[in-house]
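In case you want the letters, here they are:
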Amino acid sequence: MTRVCVIGIGHTDFNCMTPDVNWKDIMYEACQKAYADASIDPRKDITSFITCAEDYWEGFSIFDEFVPDQIGAVLRPCCTVCGDGIYGLGTAYMQIQSGLMDVVSIEAHSKVSDLLTYGDVMLHAFDPIYDRPVSGPVERPNYSGLPSYPPENPKPLAGKTDETERVHPYFLAGLEMQHYLRNTNTTEEDCAMIAVKNKKNAFLNPYADYEANITVDHVMKSEYCFKPLKKLDISPNVDGAICFVLANEKITRELGIEPIYLSGFGWCSETPWLSTRGMEAEYAKKSAAMAYKMAGIVNPRKEINIAEIDDRFTYKELQHLEAIGLARKGEAKELLREGALEIKGSIPINSSGGSLGVGNSLEATGLQKSLEIVTQLRGHAGKRQIPDVKVGLAQSWREIPSGSGAVAIFTRG
Amino acid sequence: MEKSNKKEITYPKNPAGTHLRSSDIRNKVITHSWWEPEIQYAWSIGPAMSKFLHGLKEGKILGIHCHKCKRLITPPRSFCEYCYGPTDTWVELKDTGTINTYSISYLDPNANRIEDPILIGVISIDGAYPKPMGFMHYFGEMSKDEIKIGMRVKAVWKPENEREGAITDIKYFKPYGGD
Amino acid sequence: MTVYDVKKEDIARVSVKNKRNAVGHPCAQLADPNITVEDVLNSEIMAWPVQRLDISPPSDGAAALIYCSEDIVRQYTDDPVWVDGVGWNIDSTMWTNRDLYFPRYVSEAAKMAYKMAGIHNPRKEIDFAEPYDPFDYKELHHMEGLLLCDKGQAPILTREGVTQRDGDLPICPSGGLLGVGNPIAATMGQKACELYWQLSGKAGKRQIPGDPMVGVGQAWGDIMQMATVICMRRG
Ligand SMILES: [Zn+2]
């Protein structure tokens, strides 16, 4: 069976607002750059096209209909994966390894600045019977013994009320962070260090939008949003698009490209029952185990040189590090305090700046992570280049309220 | 599956369900949960469509060339989907064209009857090529018995002060005799 | 209709055939053993030329299939049905810049699936088909897209009875979406289940006579631009 290689990468800049371009324009820019990077003509050389997108983020039902023109897929096999970009890499991997396709394009993007009601879309992903009503209009506990809504004035239907007190769905991260801190003896200051580290790394990344020179004190003094989660613990949203081109090994050699292999990937979904599933990122653990097996990695701590870990919230980087076996349970904070996770440390994490530094690019997050790994493996990371990188790991989570995630492992040939 | 050495797979014998009527929901015969999302978007439309919509505001239909594919494209876009190259050179087109296909619509989006049916279809705009090249719009000043494929039509514009840079700045297309 | 001068009666015949075919289907929503062409032509006009009985209903439903690799299939059955080919294809979003009378995206998807399945002459080698039939005219459109007949010929084959369950090329023996119902995203699942039942001889009252060997299923999506095709073969 052929191995699967990355032959092209392309991306736009990442910006908190992009009023000057539409979603098609950013997809076109990223894909055009990736195709130029691979020196291929999409209308002749690419056999299959994949986009990773979620209708609700985009604001279209059946978003796949709005895809082919700008990625070069008109009258070609093209499909849309409703999920993070790493799922697209996995789909492409299967198409190439089965021999069905030779060259596959994978695109993911965020145009979240077009979405005016981000929290409401996210709330729409909660279970409609058990969880949404509780996250909807707040009915405060009432100690008078009288019903809050007497029969003559019944409780309005959810969403049809003029009550303004509702919770943003990020409260779920507050719940999970509380649990994580308690279970691992990690402190809020440790989490603050993640924000400081990643926003500092972002200074070295020309496409990052949220670089900042801040201290632990800044983070600690930022306002509580969902205690213990503070404003600076949260990655802000960003617009941007990324495209990858994968190919079989034969074509890669013919193009004279030094192969970087997609050597392993895995994916996993937990149950949507928020109150039943664990808060230990089991999805990350299982998807990493699958990817390690495929890539032949026995001891991830020793064999993986760098990793981009989902850090949509600061504590998530620590939690995911432990889940995927790059740290033992409760050990992530120790590595952080020692400086091991810095660009110059023994296992650099989120050298790109991560979602905290680059911005949360929704379904493009997995590709943004993979982009950094491939850039590092190619030795093109400029000021943030880490020496002697041979094996890198990208991990993403499908964000609140999901228990779904994926892992990709890249190896230099 | 009869053989005993095979693993058994079972399946339901009669999966047909029970009829459910909308009145059952209205009358709360069925226990159900209700949710009305508050979801809003404001799309940035990008350089090509912005210029096109600005043209409509001025009462003009604009097109753009792909010189490589020899296309004059409307509605315009910033790249050509056939050769994947950028488009170039804006042109003002006529506001006349030919009906490419149409339908006579008797239902609103919630499937309620409309007494006076709506005529809707695709117009190939004069000057744009290759055919068919154009957009979808309403038809007016013609009856449902008159409309036919190949019919010549012309845009009826809103008064200038009511135009807002939208496809609906054209009210509808009407029959058109001369050139 | 205009390009090929197709008669509305011939389009209505598709709906009649499919609603009658659905009579043997345990999940069917709109089976009708007595429906006639006149019933369809006299039904309420929705968006001319489309009338109520030309349209499949939106339906609730789910379909599931279990695939397994060739290595372990004998643990489960001695009579597997093989998935021989799949294909998919999408056309431009800008549908007002396209010809609408021939679905090229369907033919491209079909060619991909046929190539994989080693089918060189689809008209001879395919015994029956389950094309996507959300509206009756779409079945005709898709038969042509699947290269099962020449452009403009599908209505004639329908009129001559070729596409009936006991005809030379049965189309939608399940009753299709017009007869069984349109479960939106589960449509290809419904079509693929029917291929499996027909090819494994488990279609009961709907069984096509003469042990069909090869069947093709097809679904359609987006704004008249996306097609998926699957070919299955009796083991
Ligand atoms: Zn062109």
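Residues numbered from 1 in each chain as written. Chains lettered and ligands numbered in written order. Predicted model: local features only at pLDDT ≥ 70, side-chain atom pairs only at ≥ 80, totals over all residues. Heavy atoms only, no water.

**Student:** Is there a simple way to think about the nonpolar core in this case?
**Tutor:** What tends to happen in soluble globular proteins is that the nonpolar side chains get buried as a cluster. All names here are of chain A. Formed by 79 residues in total, the largest nonpolar core has its most connected members in Tyr35, Ile71, Leu89, Ile106, Phe244, Leu246 and Phe410. Residue contributions to this core peak at 8 residues, all from helix α1 (residues 23-37). Among all residues touching Leu89, those that are not within four sequence positions of it are Ile106, Phe244, Leu246, Leu262, Leu367, Ser370, Ala408 and Phe410. In terms of nonpolar packing, the next biggest core, distinct from the first, is built from 56 residues, Met122, Met177, Leu336 and Ala340 among them. (Core = buried A, V, L, I, M, F, W, Y, C linked by side-chain atoms within 4.5 Å. Buried < 20%, exposed > 50% of the residue type's maximum accessible area, 1.4 Å probe, protein only. Helix = DSSP H or I, 4+ residues; strand = E, 2+ residues; numbered from the N terminus. Contact = heavy atoms within 4.5 Å.)

**Student:** Looking at this model, I keep getting lost on the coordination of the zinc ion. Mind explaining?
**Tutor:** Ideal values for angles at a metal depend on the geometry: 109.5 degrees with four tetrahedral donors, 90 or 180 degrees with six octahedral donors. Residues and elements named next belong to chain B. The protein atoms that coordinate the zinc ion are Cys66 (SG), Cys69 (SG), Cys80 (SG) and Cys83 (SG), at distances spanning 2.2 to 2.4 Å. Of note is the zinc ion, whose 4 donor atoms meet at the metal with angles of 101 to 115° in an arrangement that counts as tetrahedral. Donor residues for the zinc ion sit on one chain with the sequence pattern C-x2-C-x10-C-x2-C. With relative accessibility at 29%, the residue Cys69 sits in the partly exposed group. (Donors = N, O, S within 2.8 Å, 3.2 Å for Na, K, Ca; no water. Tetrahedral: all angles 85-135°; square planar, octahedral: opposite > 155°, others 65-115°.)

**Student:** Quick question: what am I supposed to make of the side chain of A:Gln376 here?
**Tutor:** Residue and element names in this part refer to chain A. Considering the arrangement of structural elements, one finds Gln376 in helix α17 (residues 365-378). For Gln376, a relative accessible area of 1% puts it in the buried group. A polar side-chain atom of Gln376 sits 2.9 Å from the main-chain amide nitrogen of Ile386. For Gln376, the residues in contact, after removing those within four places along its chain, are Ile306, Ser351, Ala381, Arg384, Gln385, Ile386 and Val389. (Polar contact = N/O pair within 3.5 Å; in protein donor to acceptor, adjacent residues only side chain to side chain.)

**Student:** Is there a simple way to explain the environment of A:Gly354 in this structure?
**Tutor:** Relative to the assigned elements, A:Gly354 resides in helix α16 (residues 354-358). Exposure remark for A:Gly354: the relative accessible area of 0% places this residue in the buried category.

**Student:** Help me out: how do you make sense of the interface of chain B and chain A in this one?
**Tutor:** Many descriptions give the size of an interface as the accessible area lost when the pieces come together. Listed by partner, the interface residues are 23 residues for chain B and 41 residues for chain A. Buried area between chain B and chain A, both sides added, is near 2800 Å², and the carbon and sulfur share of it is 58%. The interface formed by chain B and chain A holds 0 salt bridges in total. Linking chain B with chain A are 12 residue pairs in polar contact (both at pLDDT 80 or more). (Buried area = accessible area lost by both parts, 1.4 Å probe. Salt bridge = Lys/Arg side-chain N within 4 Å of Asp/Glu carboxyl O.)

**Student:** How should the confidence of the model for chain A be read in this particular structure?
**Tutor:** Low pLDDT marks regions whose predicted coordinates should not be analysed in detail. Residues and elements named next belong to chain A. Counting all residues, the mean pLDDT for chain A is 92, and 92% of those residues have values of 70 or more. Within the model, pLDDT remains below 50 along residues 139-148, and this stretch shows 6 contacts once partners closer than five positions in the same chain are excluded. Low pLDDT (under 50) marks residues 156-163, which in the prediction has 13 contacts with non-local residues, meaning those over four places away or in another chain. (pLDDT = per-residue confidence, 0-100.)

**Student:** Would you take a moment to explain the sheet that holds strand β3 (residues 78-81) of chain A for this structure?
**Tutor:** For sheets, the rule is that strands pair by backbone hydrogen bonds, running either parallel or antiparallel. All names here are of chain A. The sheet built from 9 strands is open, its strands ordered β3-β2-β4-β7-β1-β8-β11-β10-β9 with mixed pairing. Of all strands in the sheet, those with a lone pairing partner are β3 and β9 (306-308), marking the two edges. Between one strand axis and the next, the sheet turns through 25° on average, direction left out of account. When β9 meets strand β10 (residues 391-397), the two strands line up parallel, connected through 3 bridges. In the strand pairing of β10, Ala307 is matched with Leu393. (Pairing = 2+ DSSP bridges. Axes fitted to C-alpha atoms, helices over the stretch in contact; angles between N-to-C directions.)

**Student:** When you look at the sheet that holds strand β2 (residues 71-73) of chain B in this model, what are you seeing that I'm missing?
**Tutor:** Residue and element names in this part refer to chain B. Pairing is antiparallel in the open sheet, where 3 strands are placed in the order β2-β1-β3. Looking at which strands have only one partner, the edges of the open sheet turn out to be β2 and β3 (88-93). This sheet shows a mean twist of 35° between the axes of neighbouring strands, independent of strand direction. In terms of strand pairing, strand β1 (residues 61-66) meets β2 through 3 bridges, oriented antiparallel.

**Student:** Even after reading the chapter, I still don't get unusual backbone geometry, so can you show me in this structure?
**Tutor:** Residues other than glycine predominantly adopt negative phi, and peptide bonds predominantly adopt the trans conformation. The amide bond that connects A:Lys227 to the next residue, A:Pro228, takes the cis arrangement and shows omega of 10°. Structurally, A:Pro228 is set in the loop between β5 (224-226) and β6 (229-230). Looking along the chain, the bond that leaves C:Trp48 and enters C:Pro49 is cis, with omega of 5°. Inspection of the secondary structure puts C:Pro49 in the loop between β1 (45-48) and β2 (50-51). In this structure, B:Tyr84 takes a positive phi of about 70° despite not being glycine.

**Student:** Looking at this model, I keep getting lost on the packing of helix α8 (residues 171-184) of chain A against helix α14 (residues 314-323) of chain A. Mind explaining?
**Tutor:** Two numbers describe a pair of packed helices, the interaxial angle and the distance between the axes. All names here are of chain A. As a packed pair, α8 and α14 sit with axes 10 Å apart at the nearest point and diverge in direction by 55°. When the axis of α8 is compared with that of α14, the two are oblique. For the crossing formed where α8 meets α14, the hand is left-handed. Residues Ala173, Glu176, Met177, Tyr180 and Thr184 of α8 touch α14, and the partners they reach there are Tyr315, Lys316, Leu318, Gln319 and Glu322. Along the lines of polarity and charge, the residues of the contact of α8 with α14 split into 5 nonpolar, 2 polar and 3 charged. (Parallel < 35°, antiparallel > 145°, perpendicular 65-115°, else oblique. Left-handed = near helix turned anticlockwise from the far one by under 90°. Nonpolar A, V, L, I, M, F, W, Y, C, P; charged D, E, K, R; others polar.)

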